[in-house]
Structures are given as C-alpha cells and as structure tokens.
Amino acid sequence: METPDPSLFTHNSSLITHHLLLEKKMVDLIPSSDTVMEILKRTGAFREGHFVYPNGKHSPHYFQMPLAFRYYDTARVLAVGLSRKFRVDRDISSQLPKVAVISPSSGGIPVAFGVRDALSAEQIYWAEQEGGNRMFRQYVNKGEVNPCIIVDDIIRSGHAIEETLELVKTLGSKVIGCGAIVRFTSAPDKLGDVPIRSLVEFDAHMYDSGDACSDCKKEAPLEHVRF
Ligand SMILES: [Zn+2]
C-alpha cells in the first residue's frame, strides 16, 4: 500500500476546520438588515430602477426573492437567520420539534425548507392558489397539522399569510409563529396575536400610476416586470 502524502491530511483538516468555523459563524448570527440587503442586491433579488408592475403601479424597487435562494450559501444564511428569530421565542422553542412550517405559496417553499431544517421541525406544508382559494398542495386531514410557523420569502400586503392563517384554523391547528426574509413596513406586523418576524423591514415606495411617480417626472427609462 502506498503511503499517503501527509500534506493531504493537513490540507483536508484545515479545510474542514475552516468549514466548521464558517458554519458556526453563520449559525450563531442573525444577519443584520444591511447584510441581508447586500445579499439580495448581489444575487439580483433586489434591484433599484424604475419598474412598472402588471397592476399598473410604479416603484423604484423590485424584489425577486427566488434569485437569492438559487445559491446554497445565501439560501442557508437567510433561512438560518430567520429560524433564529423563531428559536428565541419560548412558545415556539418549547413546542419543537412538533411544529409544522408552512409556506403560503411557491415563493416561500425554499424558505420553509431552510427554516424547517434549522429548527428540526417535524412537518412541512405549502399552499397554492386554486380557483381563487388558497389550499394545501398536499392532502391533509383535519387534526394532522402540528402548531404552525408560517414563513414566506417576502410579505408585501400580508394577504397570503392571512389566507394561510384561515386555512390553518379550518384544519384545526393554530399559528404560533410567522415571518419572512423581507416585510414591507406597509404590511401588518402581526398575524392575529402573533408578531411577524423578518430580517429586513423595507419601506417600499409604490405609486398607483405614472402620474404620481417621481421617476416618471424625471423621464427615467421604464422596465415592465411580471410580479
Ligand atoms: Zn414611473
């Protein structure tokens, strides 16, 4: 048998140490709002410009959160950061792992999986719009759903999480936590009596039409966006 090159071991173990330190650092910290915004900009999930939404509203900001969740490292930093906001809540931590993490829509699914992993929560569900109603993608019997944490990538109006709260109630469960990576400050900060936790509180500027839009007044080039 050949004698392995000892430098290989040294190299490997320092890599592992480095990796563990990095992981510890990520898990220990809740990233600051500035750090999260930097991640969102770097991944293209947050853009500044002059945008027009399908409903005709104008805005100098555009979020497309799944762009931040396509990378393992950034997805993990964001989901673990959000999970720590739930972990410090005694009502939640005392019920773990018998908790369900729920996404109101497809955009929240990567967040829900990341938070579920970080909390070692037992269940995961995700909902979608079907014929104008929000319902779970999975078949669920009444009484099967653990106490729930609703998570989304971004909370703009709060309608999606409010509909999900009603869905959870009809299934005989209750919501013990709610959060998102980004919450618009114009959205509610509570869901029922549960506080909504987020890594970023964003003061969004939305204009109902071009007439009120400051970028239109400056004749800044327009970009039409899908959501
Ligand atoms: Zn405009």
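Residues numbered from 1 in each chain as written. Predicted model: local features only at pLDDT ≥ 70, side-chain atom pairs only at ≥ 80, totals over all residues. Heavy atoms only, no water.

Visitor: Lay out the coordination of the zinc ion with the relevant residues and their values.
Guide: Angles between donor atoms at a metal ideally measure 109.5 degrees for a four-coordinate tetrahedral arrangement and either 90 or 180 degrees for a six-coordinate octahedral one. In the first shell of the zinc ion, the protein supplies H50 (NE2), H58 (ND1), C213 (SG) and C216 (SG), at 2.0 to 2.4 Å from the metal. Here the zinc ion binds four donor atoms, and the angle range of 95 to 120 degrees at the metal identifies the geometry as tetrahedral. Expressed as a motif, the donor residue spacing for the zinc ion is H-x7-H-x154-C-x2-C. With H50 in strand β1 (residues 46–52) and C213 in the loop between β9 (194–202) and α7 (214–217), the pair connects residues that are 163 residues apart, well separated along the chain. One exposure class covers both H50 and C213, and it is buried. (Donors = N, O, S within 2.8 Å, 3.2 Å for Na, K, Ca; no water. Tetrahedral: all angles 85-135°; square planar, octahedral: opposite > 155°, others 65-115°. Helix = DSSP H or I, 4+ residues; strand = E, 2+ residues; numbered from the N terminus. Buried < 20%, exposed > 50% of the residue type's maximum accessible area, 1.4 Å probe, protein only.)

Visitor: Explain helix α2 (residues 33–42) residue by residue, including any values.
Guide: Residues of α2 that are buried: V36, M37, I39 and L40. Seen end-on, α2 carries its buried residues on one side only, within an arc spanning 155 degrees. Facing away from the buried side of α2 by over 90 degrees, the exposed positions are D34 and R42. Against the buried residues of α2 lie β1, β2 (58–63), α3 (72–87), β7 (175–184) and β9. Note on α2: the residue one or two positions beyond its end, G44, has a positive phi of about 85 degrees. (Arc of directions from axis to C-beta. Contact = heavy atoms within 4.5 Å.)

Visitor: Tell me about the pairing of β2, residues and numbers included.
Guide: Most of β2 is tucked away, with six of its six residues classed as buried. Pairing between β1 and β2: five bridges, direction antiparallel. Of the residues in β2, the one forming a bridge with E48 is H61. The antiparallel hairpin formed by β1 and β2 contains five residues in its connecting segment, where G56 sits at a positive phi of about 90 degrees. (Pairing = 2+ DSSP bridges.)

Visitor: Go over the packing of α3 against helix α5 (residues 109–119) with me, naming the residues and quoting the values.
Guide: It is the contact of α3 with α5, at a shortest axis distance of 8 Å, that shows an interaxial angle of 55 degrees. By the criterion of interaxial angle, the relationship of α3 to α5 is oblique. Two packed elements cross with a definite hand, and for α3 against α5 that hand is right-handed. Facing A79, V80, L82, S83, F86 and R87 of α3, the residues of α5 in contact are V111, G114, V115, A118 and L119. Here the contact of α3 with α5 is built from residues that sort into eight nonpolar, two polar and one charged. (Axes fitted to C-alpha atoms, helices over the stretch in contact; angles between N-to-C directions. Parallel < 35°, antiparallel > 145°, perpendicular 65-115°, else oblique. Left-handed = near helix turned anticlockwise from the far one by under 90°. Nonpolar A, V, L, I, M, F, W, Y, C, P; charged D, E, K, R; others polar.)

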